[in-house]
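Each chain, letter by letter, is given below.
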Amino acid sequence: MKHRKTYSRLLTLGVLLLLLIIGGCKAKPKDERPLIITSIHPYELLLQELVGDGVRVQSLIPASASPHTWSPKAKDIKKLDEAKLLVMNGLGLEEQLTDAFKQRSDKLIDLAELIDITPVEKSRSREVNPHIWLSPQYLVRMAMMLADKLQSYFPEQTAAINQNTMTLVNNLSSMHQQISKDRAMMENPAIITYHDSFHYFALDYGIAVPATVQSSPGKEPTGKELAKLGEIIKANKINTIFVEPQMDKRSAKVLADEFDLKIQTLDPLGHEIKAKRITDLIWTNWQNIKTALQGEETLP
């Protein structure tokens, strides 16, 4: 009987202690800042730099996944309704999300339309490549044109947006000048990328991309296509094959084994780079391209 009373007291004491702990714990306050949802991680970096801490920015497609092949779930689509502003790349990059974004056109910014890229790029290539965020020059245009749009959505952040835009444009311009200076020291550089994600970057700096491992995202090369790649590798004296964290690397390994190539990474979305700013993303990829062209060890 004595043991039962002791047990009962201990149990009561335990319950009271638990209630005190629960009562003492303050719930994490809800983040009341307005929300911007971007399709891909690089635009999360870009938009966060422009709006500063007064606005939340989140990307929908994980940086570890290819936007060409990623499929949204119902909860992802539902999340779009929580945002005050949606930002997408356009040009078919986020094909699985296009309809969901377009259905919310009243709060949508399509960046390819914003900077009016289609007429320019149709004169440069047969198809309009969607990877516009990897060009520092296009990023400058985006930042400057986004600034006006963002101020209309978030007028209370106008001063911060103006200051942040000026800072970002200066940083991008300085980086562009340095990359151009580095490139000027090279003679006829050529690289082979996994798919044509660095199309605009290569155009900006006069770097040849005579071939890509995948002719379209997610489409592995046939034996005949691999043989053709081999001819291009030898003709252009390629010493490195670039892979991407979001893509299957098997074909690159076949080519590397066959032609004694190094395998290095270019990360168009910033997953492995763990970029904190959009300039980190561009600069780190350039360092990997540069050191591969110079025959040095690339950055991890």
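Residues numbered from 1 in each chain as written. Predicted model: local features only at pLDDT ≥ 70, side-chain atom pairs only at ≥ 80, totals over all residues. Heavy atoms only, no water.

## Digging into the overall build of the protein chain
Definition in use: Put simply, DSSP marks the helices as runs of H or I at least four residues long and the strands as runs of E at least two long, and each gets a number from the N terminus on. When a residue's accessible area, from a 1.4 Å probe over protein chains only, is under 20% of the maximum for its type it is buried; when over 50% it is exposed; and in between it is partly exposed. Contacts were defined at the residue level, with two residues in contact if any of their heavy atoms lie within 4.5 Å. Per-residue and other accessible areas were derived by the Shrake-Rupley procedure at a 1.4 Å probe size, with only the shown protein chains allowed to occlude residues.
Helix and strand content of the protein chain: 12 helices and 8 strands. For the protein chain, the proportion of its 300 residues judged to be buried stands at 48%. A separation threshold of at least 6 residues defines the contact pool for the protein chain, and within that pool the share at least 24 residues apart is 58%. With the model as given, the accessible surface of the protein chain reaches about 16,200 Å², and the carbon-plus-sulfur share is 53%.

## Considering the nonpolar core
Inclusion rule: We define a nonpolar core as any set of buried Ala, Val, Leu, Ile, Met, Phe, Trp, Tyr and Cys residues linked to one another through side-chain atoms lying within 4.5 Å.
Core analysis: the biggest nonpolar cluster contains 73 residues, and Ile36, Leu46, Leu146 and Leu150 have the highest contact counts within it. The biggest single contributor to this core is helix H7 (residues 136–153), with 9 residues. Residues within four places of Leu146 in sequence aside, it is in contact with Leu46, Leu47, Leu50, Ile109, Leu111 and Leu114. With 17 residues, the next largest nonpolar core counts Ile232, Val243, Leu255 and Leu261 among its residues.

## So, the pairing of strand E3 (residues 85–88)
Operational definition: Should DSSP find at least two bridges between two strands, the strands are taken to pair.
Side chains Leu85 and Val87 project from E3 onto one buried face, and the interleaved Leu86 and Met88 project onto a second face that is buried too. Taken together, the 3 bridges between strand E1 (residues 35–38) and E3 define a ladder with parallel strand orientation. Bridge pairing in E3 links Ile36 to Leu85. Sheet topology note: the E3/strand E4 (residues 108–110) ladder contains 3 bridges and is parallel. For Met88, the partnering residue across the bridge sits in E4 and is Asp110.

## What to know about the sheet that holds E3
What counts is decided by this rule: Convention adopted: a line fitted to C-alpha atoms gives each axis, helices being fitted over their contacting stretch, and angles between N-to-C directions are expressed from 0 to 180 degrees.
Read from one edge of the open sheet, 4 strands run E2-E1-E3-E4, paired in parallel fashion. Looking at which strands have only one partner, the edges of the open sheet turn out to be strand E2 (56–59) and E4. Here the strands of the sheet are splayed against their neighbours by 20° on average, with no regard to which way each runs. Across the sheet, H7 is in contact with E1, E3 and E4; its angle to E4 comes to roughly 180°.

## Notes on the pattern of salt bridges
Heads up, the condition is: Every case where a carboxyl oxygen of Asp or Glu lies within 4 Å of a side-chain nitrogen of Lys or Arg is listed as a salt bridge.
For the coordinates displayed, the defined rule picks out 10 salt bridges. Across the salt bridge formed by Lys219 and Glu225, the nearest N and O atoms sit 3.7 Å from each other. Across the salt bridge formed by Arg250 and Asp248, the nearest N and O atoms sit 3.0 Å from each other. Judged by its relative accessible area of 33%, Asp248 falls in the partly exposed class. Here the salt bridges do not stand alone but share partners, grouping Asp31, Arg33 and Arg56 into one network.

## Topic: H7
As a reminder of what qualifies: By this rule the span expected of a helix is its residue count minus one, scaled by 1.5 Å. Here the bend at a residue is taken as the angle between two axes, fitted respectively to the seven residues that end there and the seven that start there.
With 18 residues, H7 extends 25 Å from end C-alpha to end C-alpha; this agrees with the ideal 26 Å at 1.5 Å per step. Maximum bend of H7: about 30°, positioned at Ala147. If you check which residues of H7 are buried, you get Pro136, Tyr138, Leu139, Val140, Met142, Ala143, Leu146, Ala147, Leu150, Gln151 and Tyr153.

## Topic: the pairing of E2
As defined by bridge partners, E1 adjoins E2 across 4 bridges and the pair is classed as parallel. What sits directly across from Ile36, in E2, is Val57.

## What to know about the side chain of Asp110
Just so we agree on the cut-off: Definition of a polar contact: a pair of N or O atoms within 3.5 Å, with one able to donate and the other able to accept a hydrogen when the atoms are protein atoms, and with sequence-neighbouring residues admitted only if both atoms are side-chain atoms.
Turning to its location among the elements, Asp110 is positioned in strand E4. According to the relative accessible area criterion, Asp110 is buried, its value standing at 10%. Among the polar contacts made by the side chain of Asp110, one reaches the main-chain amide nitrogen of Ala112 at a distance of 3.1 Å. What Asp110 contacts, discounting residues up to four positions off in sequence, is Met88, Asn89, Gly90 and Lys102.

## Focus on the environment of His176
In this fold, His176 is placed in helix H8 (residues 158–184). Taking relative accessible area as the criterion, His176 reaches 22% and is therefore assigned partly exposed. The sequence separation of His176 and Asp204 amounts to 28 residues, and the corresponding C-alpha distance is 9.2 Å. Look past the residues within four positions of His176 in its chain and what remains in contact with it is Pro136, Gln137 and Tyr205.

## Overview of helix H12 (residues 278–293)
The end-to-end C-alpha distance of H12, which contains 16 residues, comes to 23 Å, matching closely the 22 Å that a straight helix rising 1.5 Å per residue would cover. Here H12 lies mainly inside the structure; 13 of its 16 residues are buried. Count one or two residues on from H12 and you reach Gly295, which has phi positive near 75°.

## As for the side chain of His195
Within the secondary structure, His195 sits in the loop between strand E5 (190–193) and helix H9 (199–204). Assessed through its relative accessible area of 4%, His195 is described here as buried. A distance of 3.2 Å separates the side chain of His195 from the side chain of His131, its partner in a polar contact. For His195, the side chain forms a polar contact with the side chain of Glu244, separated by 3.1 Å. Among all residues touching His195, those that are not within four sequence positions of it are His68, His131, Thr212, Gln214, Pro217, Glu244 and Met247.

Interpretation note: all reported values are geometric properties and have no functional meaning in isolation.
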